[in-house]
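What follows is the residue order along each chain.
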Amino acid sequence: MHSTQKLCAVALFALAIQAASAEEHIVQAVIDHWQPQTTFAKPGDTIKFMNMTGHDTQSYDTMIPDGAKPWRSELGQTGFSVTLDKEGAYLFRCNPHVSMGMVGAVVVGDKSPPNLSKIEAEVANVKLAQNMVNRAVKKMKQELEQKGMK
Ligand SMILES: [Cu+2]
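Residues numbered from 1 in each chain as written. Predicted model: local features only at pLDDT ≥ 70, side-chain atom pairs only at ≥ 80, totals over all residues.

**Focus on the overall build of the protein chain**
Secondary structure assignment for the protein chain yields three helices and eight strands. When the helices and strands of the protein chain are listed from N to C terminus, the series reads α-β-β-β-β-β-β-β-β-α-α. Classification of the 150 residues of the protein chain by burial places 28% in the buried group. Taking the contacts inside the protein chain whose residues are at least 6 apart along the sequence as the reference set, 60% of them involve residues at least 24 apart. (Helix = DSSP H or I, 4+ residues; strand = E, 2+ residues; numbered from the N terminus. Buried ≥ 20, exposed ≤ 12 C-beta atoms within 10 Å, placed from the backbone. Contact = placed C-beta atoms within 7 Å.)

**Some details on helix α3 (residues 130–146)**
Its 17 residues give α3 an end-to-end C-alpha distance of 24 Å, which sits within 8% of 24 Å, the value for a rise of 1.5 Å per residue. Residues Val133, Ala136, Val137, Met140, Lys141 and Leu144 constitute the buried set of α3. Along the axis of α3, the buried residues cluster in a sector spanning 140°; they form a single face. Opposite the buried face of α3, at more than 90 degrees from it, the exposed residues are Asn131, Lys138, Gln142, Glu145 and Gln146. Summarising the contacts, the buried residues of α3 are in contact with β3 (38–41), β7 (88–93), β8 (103–108) and α2 (116–122). Looking one or two places after α3, you find glycine 148, whose phi comes out positive at around 70°. (Expected span 1.5 Å × (residues − 1). Arc of directions from axis to C-beta.)

Listed below in structure tokens is the structure:
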């Protein structure tokens, strides 16, 4: 084997390991809430939204980690998925049902989200269903506490 070939083989192997360890997490739309409300993931994992008839998913662009890519699905787009590489917390809503409390969270990484205090500050700037966003942030914090991540 030439050294370039060896290098390629090693790089491919590393990629394969990374692909194998990345997980897919299912978030279900259930009437007026997300199941689970808070998803815990590792960097590189994928979140897949299911049962989306009558629902959509959109990130709160001020409540995702710095440099993370915002997302928005079409209405009813079952199977829509996002891969999250940046550590931190991601808040998202379903636009038709945000006022009913359809706000969810993803926490990427195994420690307290670096953008947690920014999220807490940004809740004050949410125009629609601020109380529901606040509730989702509180629930996320409770789960972080239960997991010893806060
Ligand atoms: Cu909905």
